[in-house]
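Below are the chains, spelled out letter by letter.
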Amino acid sequence: MGDKEKKKGKKKNVTVCGYPLSIFFIVVNEFCERFSYYGMRAVLVLYFKYFLKWDDDFSTTIYHTFVALCYLTPILGAIVADSWLGKFKTIVYLSIVYAVGQVIMAISAIHDITDGNKDGTPDNMAFHIALSMVGLLLIALGTGGIKPCVAAFGGDQFNDDQEKQRSTFFSIFYLSINAGSLLSTVITPILRAQRCGIHTQQQCYPLAFGVPAALMVVALIVFIVGSGMYHKTAPAGNIMVKFSKCIFFAIKNRFRHRSAEYPKRKHWMDWAEEKYDKLLIAQVKMVLKVLFLYIPLPMFWALFDQQGSRWTLQATTMDGNFGLMVIQPDQMQTVNPILILIMVPVMDFIIYPLIAKCKLNFTPLRRMTVGMFLAALAFVAAALVQLQIDATLPTFPSSSEQQAKFINMVNRPIDVKAEDYAFQLPAFEANQEYYTYNLPFNLTIDSGSPELISLPDGTRNTIAIFEEGSLMRPIKFTDVAAKPEEGANAIRFLNGFGSVLNITVGEESFGNIVSKNMSTYVNVPHGTADFLIKNAAGTECVFSRKFGFGSSYTFIIPSTFTFGENCGQNIKEVEDIKPNSIHMAWQIPQYFLMTSGEVVFSVTGLEFSYSQAPSNMKSVLQAGWLLTVAVGNIIVLIVAEAATLPDQWAEYILFASLLVFVCILFAVMAYFYSYTDPAKVEALFANLEPEDKEEKDLEMTKKDMVENHNEKKRRSSDSSSSSSSSSDEDETSQTNF
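A short tour of the structure in this document, coming up. Predicted model, so just to flag it, every value in this text is computed and none were measured.

Before going further, it helps to spend a moment on the overall build of the protein. Within the protein, the regular secondary structure consists of 20 helices and 21 strands. With the principal axes as the frame, the protein shows a C-alpha extent of 120 × 80 × 60 Å. In the protein, buried positions account for 48% of the 737 residues. Contacts in the protein between residues at least 24 apart in sequence constitute 73% of all its contacts with a sequence separation of at least 6. As displayed, the protein has an accessible area near 35,100 Å², and 60% of this comes from carbon and sulfur atoms.

Before going further, it helps to spend a moment on the state of the cysteines. By the definition in use, this model includes two disulfides. The disulfide bridge from Cys196 ends at Cys204, spanning 2.1 Å between sulfur atoms. Since a negative S-S torsion denotes a left-handed disulfide, the Cys196-Cys204 link at about 105 degrees is right-handed. On the basis of relative accessibility, which here comes to 5%, the residue Cys204 falls in the buried class. Here Cys541 engages in a disulfide with Cys567; their sulfurs sit 1.8 Å apart. Across the disulfide from Cys541 to Cys567, rotation about the S-S bond amounts to roughly 95 degrees, and the bridge is consequently right-handed. Taken together, the residues Cys541 in strand 19 (residues 540-547) and Cys567 in the loop between strand 20 (552-557) and strand 21 (572-577) connect sequence positions 26 residues apart. The same class applies to Cys541 and to Cys567, which are both buried.

Let us look at the pairing of strand 11 (residues 459-468). Most of strand 11 is tucked away, with eight of its ten residues classed as buried. By the bridge criterion, seven bridges tie strand 5 (residues 402-408) to strand 11 in an arrangement that is parallel. Its bridge partner being in strand 11, Asn408 is matched across the sheet by Ile465. Taken together, the nine bridges between strand 11 and strand 12 (residues 471-479) define a ladder with antiparallel strand orientation. In the sheet register, Glu468 faces strand 12, and the bridge partner there is Leu471. Taking the residues between adjacent antiparallel strands as the criterion, strand 11 and strand 12 are bridged by two residues, where Gly469 takes a positive phi near 70 degrees.

With that settled, the discussion passes to the sheet that holds strand 5. With mixed pairing, the four strands of this open sheet are ordered in space as 8-5-11-12. Where the open sheet ends on each side, the last strands, each with one partner, are strand 8 (435-437) and strand 12. Adjacent strand axes in the sheet meet at a mean angle of 30 degrees when their direction is disregarded.

The next point concerns the sheet that holds strand 10 (residues 451-453). The strand order across the open sheet formed by four strands is 7-6-9-10, and the pairing between neighbours is antiparallel. Edge positions in the sheet fall to strand 7 (421-425) and strand 10, since each of these pairs with one other strand and no more. Across the sheet, the axes of successive neighbouring strands diverge by a mean angle of 25 degrees, strand direction being ignored. In terms of strand pairing, strand 9 (residues 441-445) meets strand 10 through three bridges, oriented antiparallel. Each bridged residue has a counterpart across the sheet, and for Asn442 the counterpart in strand 10 is Leu452.

Okay, helix 2 (residues 22-42) next. End to end, helix 2 covers 31 Å across 21 residues, agreeing with the expected 30 Å (1.5 Å per residue, within 8%). Where burial is concerned, most of helix 2 is hidden: 17 out of the 21 residues are buried.

What follows covers the nonpolar core. With 132 residues, the main nonpolar core has Leu44, Tyr47, Phe48, Phe66 and Phe209 as its most contacted residues. Per-element accounting of this core gives the leading share, eleven residues, to helix 14 (residues 364-392). Of all hydrophobic cores here, the second largest spans 22 residues; its members include Phe510, Val522, Tyr553 and Ile571.

Between two aromatic rings, the relevant description is the distance of the centres plus the angle of the planes. Under the definition given, this model contains 57 aromatic pairs. Both rings, one in Phe158 and one in Phe169, keep their centres 5.7 Å apart while their planes meet at 50 degrees; by these two values the pair is tilted. Pair noted here: Phe158 is in the loop between helix 6 (125-155) and helix 7 (163-193) and Phe169 is in helix 7, with a separation of eleven residues, a long-range link. Taken as a pair, Phe158 and Phe169 share a single burial class, namely buried. Taking 6.4 Å as the distance between ring centres and 40 degrees as the angle between the ring planes, the aromatic pair formed by Phe406 and Tyr435 counts as tilted. Of the two residues, Phe406 sits in strand 5 while Tyr435 sits in strand 8, which places them 29 residues apart along the sequence. Overall, the relative accessible area of 0% leaves Phe406 in the buried class. Put simply, the rings of Tyr47, Phe48, Phe51, Trp54, Phe58, Tyr205 and Phe209 touch in pairs and so form one group of aromatic residues.

In the structure shown here, the tally under the stated rule is 20 salt bridges. Its salt-bridge partner being Arg192, residue Asp330 comes within 2.7 Å of it at the nearest N-O pair. Residue Asp330 is found in the loop between helix 12 (310-315) and helix 13 (335-357), and its partner Arg192 is found in helix 7; the two are separated by 138 residues along the sequence. You can call Arg192 buried: its relative accessible area is 2%. Its salt-bridge partner being Lys578, residue Glu575 comes within 3.3 Å of it at the nearest N-O pair.

With that settled, the discussion passes to unusual backbone geometry. Positive phi outside glycine occurs at Glu419, with the angle close to 60 degrees. Positioned with a positive phi, Glu486 is a non-glycine residue whose angle comes to about 60 degrees. Checked against the element boundaries, Glu486 lands in the loop between strand 12 and strand 13 (489-495).

This paragraph deals with the packing of helix 3 (residues 44-51) against helix 4 (residues 56-85). It is at 9 Å that the axes of helix 3 and helix 4 come closest, and there the two elements cross at 145 degrees. The handedness of the crossing between helix 3 and helix 4 is right-handed. Along its contact with helix 3, which presents Leu44, Val45, Phe48 and Lys49, the element helix 4 presents Asp56, Ser59, Ile62, Tyr63 and Phe66. Among the residues making up the contact of helix 3 with helix 4, the classes are represented as six nonpolar, one polar and two charged.

Turning to the environment of Tyr421, a few remarks are in order. By the secondary structure assignment, Tyr421 is in strand 7. In sequence terms Tyr421 and Leu443 are 22 residues apart; their C-alpha atoms lie 9.6 Å from each other. If we skip the residues at most four places from it in the chain, Tyr421 touches Val416, Tyr435, Thr436 and Tyr437.

Bringing the environment of Thr233 into the picture now. For Thr233, the location among the structural elements is in the loop between helix 8 (205-225) and helix 9 (239-256). The exposure class of Thr233 is partly exposed, given its relative accessible area of 44%. Considered as a pair, Thr233 and Gln157 are 76 residues apart in the sequence and their alpha carbons are 9.5 Å apart. In this structure Thr233 touches Lys87 and Asp156, once residues within four positions along its chain are discounted.

On to the pairing of strand 13, then. By the criterion of burial, strand 13 is predominantly enclosed, with seven of the seven residues buried. Of the two faces of strand 13, the one lined by Asn489, Ile491, Phe493 and Asn495 and the one lined by Ala490, Arg492 and Leu494 are each fully buried. In this structure, strand 13 lies alongside strand 17 (residues 522-524), joined through three bridges in antiparallel fashion. Within strand 17, the residue paired with Ala490 across the bridge is Asn523. In this structure, strand 13 lies alongside strand 20, joined through six bridges in parallel fashion. The partner of Ile491 across the bridge, within strand 20, is Tyr553. Strand direction decides the pairing type here: strand 13 and strand 16 (residues 517-518), joined by two bridges, are antiparallel. The residue bridging Asn495 from the neighbouring strand is Asn517, located in strand 16.

Cut-offs used in this document
Residues numbered from 1 in each chain as written. Predicted model: local features only at pLDDT ≥ 70, side-chain atom pairs only at ≥ 80, totals over all residues. Heavy atoms only, no water. Helix = DSSP H or I, 4+ residues; strand = E, 2+ residues; numbered from the N terminus. Buried < 20%, exposed > 50% of the residue type's maximum accessible area, 1.4 Å probe, protein only. Contact = heavy atoms within 4.5 Å. Areas by Shrake-Rupley, 256 points an atom, 1.4 Å probe, with all protein chains shown as cover. Disulfide = S-S within 2.5 Å. Pairing = 2+ DSSP bridges. Axes fitted to C-alpha atoms, helices over the stretch in contact; angles between N-to-C directions. Expected span 1.5 Å × (residues − 1). Core = buried A, V, L, I, M, F, W, Y, C linked by side-chain atoms within 4.5 Å. Phe/Tyr/Trp six-rings, centres within 6.5 Å; stacked < 30°, edge-to-face > 60°. Salt bridge = Lys/Arg side-chain N within 4 Å of Asp/Glu carboxyl O. Left-handed = near helix turned anticlockwise from the far one by under 90°. Nonpolar A, V, L, I, M, F, W, Y, C, P; charged D, E, K, R; others polar.

Below is the structure:
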């Protein structure tokens, strides 16, 4: 019956150019799935910050919690596939869960669902947060659960005589992963930057999440379509379960026989010999030897995965204008996969051969040490960039301070004295910097009487000075007290004209601005903006201005303003917050160092692990490797929540210092590590006589009987007198002997 099924399966194995047709469905499935995952992940931290309105630290914490879950669930997926459902059913069922999670994420980003007052902000943010968390949990379960199954399922499609084709398949499979990652990281930030909505136009997160959701549905459909062509192997038991049981039994057995009367064994895993054969124990020892080296590795991933969180947030405060194109902050992550495609062949065909010609013993563990050091240097570079960014940022008031700037709306220069600050303001101009106060202050204009000015704590303010008859009248307006979000420019107009003005820019409106009043802020994107100014009679003026990223301006329409062809020349500008002046290109060195570290560390680490692992336990080491990624992300969320560092550059230096310390620790561990050949070790135990196990079982049984008998003897001795007890004990001991 089994042979018939085998033959039947082989008939379905349609080949194209020597390759099973079924693998093309698997490769397309993997491309779509990786596009879905990395596309969603690329915009995730900005979704937390700008849509859910979380601060940087909490956004970073939830982001890395999600990534950690994505790398913890592969262990669950492998156990389910190998012990219960099989790879095919596991991939299908968890892909459904995955697709549902992506759809829920797309729905959670639709602000119009709860925007009852149609102001562009959800009225019930808890609803959107709950949907987001459910979606992310389902995605983590889906993407992590299928991660260990898809590649292995693809390998199952080949016969034993197709080793070359199988090797080529894995290369194509890896290429599809990088292609999906690269394309999605470019496309989804572009989709996010679009404006969409029913009542109000906002950043289009539903589209940015919706396209990955659609690709995941496509991935599932493509995979199911190829169902009739697959070789589906039945679950044969999971080696990780056997591996864990063997370790657990050794620990339990050692604890049971912890008494001094039992002879010590060379290795604590030798206590599993009573139940497991020596070959399995030897294999477990080899795996544990490598897993011990994994202990310092999570620190590398703690730094590496911050490319999608801290580094993306850093990019939001930088200038993304590259001339021919404008790069979104979340698009900078594409530098990593691009550099990977360049650095892998450079390392393999140039750097490593040159090192070999210099006769340097650049072992895998030494390569990994260098990779960790390069990642630490990347964070030092990020800290230097952050210092330059911080130098360009304005000093905002603390919770106990107030700041004020003064604008002269009179058509002549005026003298101003604001407590300790005395200066002259030309007509329709403002002082350059904000003045900081801790208490209410006296404001004196020209030779007039001082007026007490009181401002709310923690605010920035503009005090516009108008002339009313022979008196000067100061009017207070509240300014933005933080950098505009998402690289936008916060723009407003101060109307010093004698009538009501209506101002619009694109589809955004500043409303009707009455005389001697300030408009609300409107966020204007990077580029050239055309402002349309109308009076009550319908006369128009078009005023154009080019903006950078993250600035804030107040435009003054003076009393001398006139409509006409050159009307814009009469409008004065006041720069409240300078635009981002540090270019995003300065992030490229840190990405280069991090990617170089990844190529040297990650690729070499996987190669080393596989070379040191027994043939049947490579999946165990794969699970251990993924676990280091999960632990690394947990480290980030702990530091993000626990660290009280006031400056971001200091946090970068903290992470770099921790990795350097761990790098030194790993170098010491690597120095004492002795390389093994798993094939030779397995060969030594392959022909062991079964009598060895039987003798060991008999010996342990005898010792257990002696222990049990002595225990009974001690209990009986407690109920008799000391003299007779002593006599009985001697007699019993002789009998046992």
